[in-house]
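Report on the structure
Take a look at the letters that make up each chain.
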Amino acid sequence: MNIGLIAHDSKKKLMQNFCIAYRGILNKNQLFATGTTGQLIENVTNLSIHKFLAGRLGGDLQICAMIENNQLDLVIFLREAINPQAHEPSSKKVCELCDMYNIPLATNLATAELLIKSLERGDMEWREIYQ
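Reading the values: rules and limits
Residues numbered from 1 in each chain as written. Predicted model: local features only at pLDDT ≥ 70, side-chain atom pairs only at ≥ 80, totals over all residues. Heavy atoms only, no water. Buried < 20%, exposed > 50% of the residue type's maximum accessible area, 1.4 Å probe, protein only. Helix = DSSP H or I, 4+ residues; strand = E, 2+ residues; numbered from the N terminus. Arc of directions from axis to C-beta. Contact = heavy atoms within 4.5 Å. Phe/Tyr/Trp six-rings, centres within 6.5 Å; stacked < 30°, edge-to-face > 60°. Pairing = 2+ DSSP bridges. Axes fitted to C-alpha atoms, helices over the stretch in contact; angles between N-to-C directions. Disulfide = S-S within 2.5 Å.

One full turn of an α-helix is made of 3.6 residues, so residues set three or four places apart face in the same direction. Residues of helix H1 (residues 12-21) that are buried include every one of Lys12, Met15, Gln16, Phe18 and Cys19, and no others. The arc enclosing the buried residues of H1, seen along the axis, measures out at 160°, which places them on a common side. Residues of H1 that are exposed and point more than 90 degrees away from the buried face comprise Lys13 and Ala21. Contacts from the buried residues of H1 go to strand S1 (2-7), helix H2 (23-26), helix H3 (35-45), strand S4 (74-78) and helix H6 (109-121).

Geometrically, a pair of aromatic rings is defined through the distance of the ring centres and the angle of the planes. Tallying each qualifying case throughout the model produces 2 aromatic pairs. Ring plane angle 45° and centroid distance 5.0 Å describe the contact between Phe18 and Tyr22, whose orientation is recorded as tilted. For Phe18, a relative accessible area of 3% gives the class buried. Ring geometry for Phe32 versus Phe52: centroids 6.3 Å apart, planes at 20°, classification stacked. Placement of Phe32 in strand S2 (residues 30-33) and of Phe52 in the loop between strand S3 (49-51) and helix H4 (59-68) is noted, with a sequence separation of 20 residues between them. Residue classification places Phe52 among the buried positions, given a relative accessible area of 16%.

Right, let's get into the sheet that holds S2. Within a beta sheet, neighbouring strands are joined by backbone hydrogen bonds and run either parallel or antiparallel to one another. Strand order in the open sheet made by the 5 strands is S3-S2-S1-S4-S5, with parallel pairing throughout. Of all the strands in the sheet, the pair left with one neighbour each is S3 and strand S5 (105-106). H1 contacts S1 and S4 of the sheet and is inclined by roughly 150° relative to S1.

With that settled, consider the state of the cysteines. Two cysteines joined by a covalent bond between their sulfur atoms form a disulfide. Counted by the stated rule, this structure contains 0 disulfides. Lacking any disulfide linkage, Cys19 is separated from the closest cysteine sulfur, that of Cys98, by 16 Å. Given the relative accessible area of 0%, Cys19 is considered buried. In this structure Cys64 is a free cysteine whose sulfur lies 7.8 Å from that of Cys98, the closest cysteine sulfur available. With a relative accessible area of 3%, Cys64 lands in the buried category.

Here it is, written out as structure tokens:
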């Protein structure tokens, strides 16, 4: 499965901790991330991650292009819902595209854990048929 990983600045440490906790599951999948988030995850987990540009430089749009081309099976976007910084990736476009193309999307830790455990159980196999 192809998993997209994005995190706003205030959530990057949370994303790192999430990836440490679920490294065993994530390691069995292809990982794609915006540049800074991907680098921070690699630094603490040694996971292999395809890194796009930093979100503020268009990495979020590169993830959006993968969604539009049905190349991602799951997106975890830990976002600052109330006060995102102006330079951070826009969550609106990612959310809209995931809704449009039936890509499971987690925007908080609780949902991210549910989706990653679902992936481990094999509940995401429908994505292979959907593609």
